[in-house]
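Report on the structure
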Amino acid sequence: MIRRFFSSNLIKARKFMYVKEFRGEPTAANFDLVEENLPALKDGEVLAQAEYLSIDPYMRPYMMSYKAPCLMIGGQMAKIVESKNADFPVDSTIFGQFGWRSHTVLNPTEVQNKAFRDCYILPKYGNLPTSLGLGYLGMPGNTVYFGFLEICQPKEGETVVVTGAAGAVGTLVGQVAKLKGCRVIGFAGSDDKCKWLETELGFDKAINYKTKNLYRQLKDAAPKGIDCYFDNVGGEISSLIFSQMNDYGRISVCGAISSYNTEIPKVPAVQTAFVFKQLKMEGFLVWRYTDRWMEGIDQVAKWIQEGKVKYNETITEGFENTPQAFIDMLRGKNFGKAVVKV
């Protein structure tokens, strides 16, 4: 049954516009908060009210292909508060690539016909919070389920290294690797994060990449060498890890956070290690697995419900604080997934 709570033509949506191209680290000056009037719904449309906004590293490089001014991109978990679409009833919880905005009018069926990943109803998984649809039960979770398991193919007894280990993706990589019987080493940006990874998430060793003699620290942590590397940051630290990998090691490249705020990144040559160790490296975009999307979400939800995986979220309160949450995330202040509670 289609219900209507109120008329969308009485609603003003707030949204953050990307008004100044990034040059180095983002600042508040890159964004402008504006309002817009929403139209009344047409047949097939819904009004979605944002509950949580996703804050992710990929937003920084992706915005370089957009011309300012434009809506700031990003996913969100939203509740349908008005509907003229029988497949998307009122009170449904949906994920949508709606950007940094408080309310959205759209035809979700048309969006799904173009790209399923851009809009879908998130199933209920017991008492798990809705916000997980932006983390372990969404794009970051599937990034690990497919990008780590399919590309690295970890085997019991192997050693796995992950950079950006305290973030939304890195925390899950480490836990899934442990489920597969691997030794896990993570790199993070503070002693507090390293302690948390070891004591709370079960990493065998976590290394603060801001400390000295990283080569020796990694050598001590992985005396038998490294078999799998899940790369979130790129840069010099990745070259250091390549040099300690075993023959036929597998590398899954998810991102390059270390260079996102750098105009011209500089990294050492890595070809020698790749040739003599016969390494295999593959970059990926998680969207290649759209046809298996719910498979990954269902499996990660099961791991959480069984107590095999722990999740952590850094939640910023208030829509108006979204730019600062983005800046803080790129500075590495988040433990686990960064989200904004609208």
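Residues numbered from 1 in each chain as written. Predicted model: local features only at pLDDT ≥ 70, side-chain atom pairs only at ≥ 80, totals over all residues. Heavy atoms only, no water.

1. Here we look at the layout of surface pockets
Roughly 1100 Å³ of internal volume is contained in the largest pocket. Lining the largest pocket we find 50 residues, and of these Pro57, Gly164, Asn232, Val233 and Ile257 sit closest to its centre. Sorting the residues of the lining of the largest pocket by element identifies helix H3 (139–147), strand E10 (183–188), helix H7 (235–242), helix H10 (322–330) and strand E16 (337–341) as the ones contributing at least two each. Taken together, the residues of the lining of the largest pocket break down into 26 nonpolar, 17 polar and seven charged. (1 Å grid on protein atoms, 1.4 Å probe; cavity = no way out; pocket = protein on both sides within 12 Å on 5 of 7 lines; lining within 4 Å. Points joined across faces, edges and corners; volume = space filled by probe spheres on them. Helix = DSSP H or I, 4+ residues; strand = E, 2+ residues; numbered from the N terminus. Nonpolar A, V, L, I, M, F, W, Y, C, P; charged D, E, K, R; others polar.)

2. Concerning the sheet that holds strand E11 (residues 205–208)
As summarised here, the arrangement of the six strands in space is E11-E10-E9-E12-E13-E14, forming an open sheet in which the pairing is parallel. Each edge of the open sheet carries a strand with a single partner, namely E11 and strand E14 (280–283). Each strand of the sheet is rotated relative to its neighbour by a mean of 15°, with strand direction disregarded. The sheet strands contacting helix H6 (residues 214–221) are strand E9 (159–162), E10, E11 and strand E12 (226–231), and the helix crosses E11 at an angle near 180°. Across the sheet, H7 lies against E9, E10, E12, strand E13 (245–253) and E14, angled at about 165° from E12, the strand it touches most. (Pairing = 2+ DSSP bridges. Axes fitted to C-alpha atoms, helices over the stretch in contact; angles between N-to-C directions. Contact = heavy atoms within 4.5 Å.)

3. Regarding the environment of Tyr260
If you trace the backbone, Tyr260 turns up in the loop between E13 and helix H8 (271–277). On the basis of relative accessible area, Tyr260 is assigned to the buried category, the value being 16%. Residues Tyr260 and Val233 lie 27 residues apart in sequence; the distance between their C-alpha atoms is 9.1 Å. (Buried < 20%, exposed > 50% of the residue type's maximum accessible area, 1.4 Å probe, protein only.)

4. Details of the nonpolar core
Among the nonpolar cores identified, the biggest contains 70 residues, and Phe31, Ile55, Trp100, Leu137, Phe148, Leu197 and Phe326 are the most heavily contacted of them. Tallying contributions element by element places helix H9 (residues 293–305) first for this core, with six residues. Ile185, Phe242, Met245 and Phe274 belong to the second-largest nonpolar core, a separate cluster that totals 20 residues. (Core = buried A, V, L, I, M, F, W, Y, C linked by side-chain atoms within 4.5 Å.)

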